Amino acid sequence: MASKKNTNPTLLFIFGGSGDLTNRKLIPALYNLYIDNYLPEKFDIIGIGRSPFPSQEAYRDKLLEGVQQFSRRKDEANGTWKTFSSNIRYFEMDLMDDKAYDQIMNWIKEKATEWKAQPTIIFYLAVAPQLAPDIAKKLSAKKICDDSTHTRIVFEKPFGHDLQSARELNNLLKGMFEENQIFRIDHYLGKETVQNILAFRFANALFEPIWNSNYIDHIQITAAETVGVEDRGGYYEQSGALRDMVQNHILQLLCMIAMEAPTSFDADEIRNKKVDVLNALRKFSVEDVHALTARGQYAGGWMKGKEVPGYRKEKNVDPHSPVDTFVAAKFYVDNWRWQNVPFYVRTGKHLYEKSTLVVIQFKEAPHFAFPREAAETWRSNRLIFSIQPQTDIRIRFQAKHPGPHMSLDPVDMDFNFAEAYDGEEPEAYETLLEDVIEGNPTLFMRADQVEAAWKVIMPILEAWQKRPPVDFPNYAPGTWGPEDAEALIAKDGHHWVTLPSNNNKG
Ligand code: BG6
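Residues numbered from 1 in each chain as written. Predicted model: local features only at pLDDT ≥ 70, side-chain atom pairs only at ≥ 80, totals over all residues. Heavy atoms only, no water.

A. Geometry of the side chain of Lys191. Mapped onto the elements, Lys191 comes out in the loop between strand 6 (182–184) and helix 7 (192–202). Here Lys191 is buried and forms no salt bridge, its nearest opposite-charge partner Glu427 lying at an N-O distance of 6.6 Å. (Helix = DSSP H or I, 4+ residues; strand = E, 2+ residues; numbered from the N terminus. Buried < 20%, exposed > 50% of the residue type's maximum accessible area, 1.4 Å probe, protein only. Lys, Arg positive; Asp, Glu negative; His and termini not counted. Salt bridge = Lys/Arg side-chain N within 4 Å of Asp/Glu carboxyl O.)

Structural data, given as structure tokens:
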């Protein structure tokens, strides 16, 4: 892999340095970037948090445990980790205290003197969302981010709780930072298979001419998870599946599928094309919401031989909670390309299997010249992007079944990433952190994108709030969600697609 060690010296402050995200995602990602020579020659990682650690070694040991558990590469011999982690330090500080920021200023000055260069400074806000605005204000008040070419600030989702709060947050940040300093993370955009949708669509001449309502019957996006809300009940009660997955990840996938061809890979050009899709998404009326969406909440039951509690029995969850752990919806993109093509989306917790899929269902062949008996198993063409955990692209077409008669079978042509690239696939956070270090915002959400996505979601949230669910919990764990989700697609004569190999499982 190409070395990027000539990038500017970098100081990465992780606010929330003792938290779960740092342990599970950020440090493993940085460690892999280090192994692949993607980190700058000079870099320092400074974790800041409120949890005490008896020593710097104890902090590093905790991070190493995270690497052993969550990184795609473990540190078997402990050798690489030692050199990597010698660049990591931890400070126990209260980020609500102004003095913490004076201290941060001092470190930056010290490092700039030591490195004899103006370093790139990144503030990664891996903290509870309600703390982020106050931290941003304190950074701004101390003028730490005034040099907009050298300082960056990274926000995790959720970015706002609804349209109004997202606007307020954007306006607040606009007054303090340049847009090009703000990196709003949607980790789905860092996934290799998601980025590959752009390569597939725009680096090949074959598909773009048929990528429209003349040839495509409908599109499906599924993001199914087997996990429940685990220990995130408190957060999830304020969120639900619609806010947690649809407002961001699912709509971003939809944008990748539906966007017009960019004229260049310039960050703003890509983001302009994506925001056009969000703006073109039909905004639902209250009647639309009832006809075009389905919501669900998991009951208690059994998953793979293990008993799991219903959502309402999870920790920090109201026993009468109306919160959705499953959503299905049928969207329309109102422009020339996608007129009348439904985009069916669904996502949920405690479903049958972990599977993120994008399905492009083509229309039937316009004329069928074969004898009727040839057509018994005939199916129209279908393209599936399997985003995770299987990572492949498969195209279904018709083939002649061997034998004396003309009989047709649907068969798959399959491109498998893991086989083709020998399991080299980086984690989403590796790509995203590398982009932050480089200052490339292409895969990050711009202010207007976040607001445009909320505009799509708001009518659904409002209609659901006005009419609380009467049948929750309405699906058993380990299934594909509530019956309403099946009905939503079945009434159009379709069914939700799953991967054939997975259909045969369990
Ligand atoms: C997060 C959501 O953004 O994405 C989680 O908050 C969800 O609830 C997760 O589990 C899914 O991510 P992935 O990469 O496992 O599909």
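Let us keep going from here.
B. Examining helix 1 (residues 20–35) more closely. The end-to-end C-alpha distance of helix 1 is 22 Å, a good match for the 22 Å that 16 residues give at a rise of 1.5 Å each. In helix 1, a bend of some 35° at Leu26 exceeds every other bend along the element, and Pro28, a proline, comes one to four places later. When we look at burial in helix 1, the residues that qualify are Thr22, Asn23, Leu26, Ile27, Pro28, Ala29, Leu30, Tyr31, Asn32, Leu33 and Tyr34. Positioned one or two residues after helix 1, Asn37 has a phi angle of 65°, which is positive. (Expected span 1.5 Å × (residues − 1). Bend = angle between axes of the 7 residues up to and from the residue.)

C. Quick peek at the site of the ligand. Around the ligand, the neighbouring residues are Lys157, His187, Tyr188, Lys191, Glu225, Arg232, Asp244, Met245, His249, Lys349, Lys354 and Gln388. Tyr188 is positioned such that a nitrogen or oxygen atom in its side chain is 2.4 Å from an oxygen atom of the ligand. Lys191 is positioned such that a nitrogen or oxygen atom in its side chain is 2.6 Å from an oxygen atom of the ligand. Here the residues of the shell around the ligand are counted per class, giving 2 nonpolar, 3 polar and 7 charged. (Near = heavy atom within 4 Å. Polar contact = N/O pair within 3.5 Å; in protein donor to acceptor, adjacent residues only side chain to side chain. Nonpolar A, V, L, I, M, F, W, Y, C, P; charged D, E, K, R; others polar.)

D. Expanded view of helix 10 (residues 267–280). Helix length check: helix 10, at 14 residues, gives a terminal C-alpha distance of 20 Å against a target of 20 Å (1.5 Å per residue), a fit within 8%. With 10 of 14 residues buried, helix 10 lies mostly within the body of the structure. Considered for burial, the residues of helix 10 that qualify are Ala267, Glu269, Ile270, Arg271, Lys273, Lys274, Val275, Val277, Leu278 and Ala280. As for helix 10, its buried residues are in contact with helix 7, helix 9 (240–258) and helix 14 (447–466). (Contact = heavy atoms within 4.5 Å.)

E. Broad picture of the packing of aromatic side chains. Throughout the structure, instances matching the rule amount to 33 aromatic pairs. Measuring from centroid to centroid gives 5.1 Å for Phe53 and Tyr59, while their planes differ by 70°, and the two rings are edge-to-face. Overall, Phe53 belongs to the partly exposed group, its relative accessible area being 21%. Taken together, a centroid distance of 4.1 Å and an interplanar angle of 20° make the contact between Phe200 and Phe207 stacked. Of note, Arg184 hangs over the ring of Phe159, and the distance from its end group to the ring centre comes to 4.9 Å. The side chain of Lys191 reaches across the aromatic face of Tyr188, ending 4.6 Å from its centre. (Phe/Tyr/Trp six-rings, centres within 6.5 Å; stacked < 30°, edge-to-face > 60°. Lys NZ or Arg CZ within 6 Å of the ring centre and 35° of its normal.)

F. Representation of the packing of helix 9 against helix 10 within the structure. Viewed as axis vectors pointing N to C, helix 9 and helix 10 meet at an angle of 110°, and their least axial separation amounts to 9 Å. Taken together, helix 9 and helix 10 sit at an angle that is classed as roughly perpendicular. Between helix 9 and helix 10, the residues in contact are Leu251, Gln252, Leu254, Cys255, Met256 and Ala258 and Lys274, Val277 and Leu278, respectively. (Axes fitted to C-alpha atoms, helices over the stretch in contact; angles between N-to-C directions. Parallel < 35°, antiparallel > 145°, perpendicular 65-115°, else oblique.)

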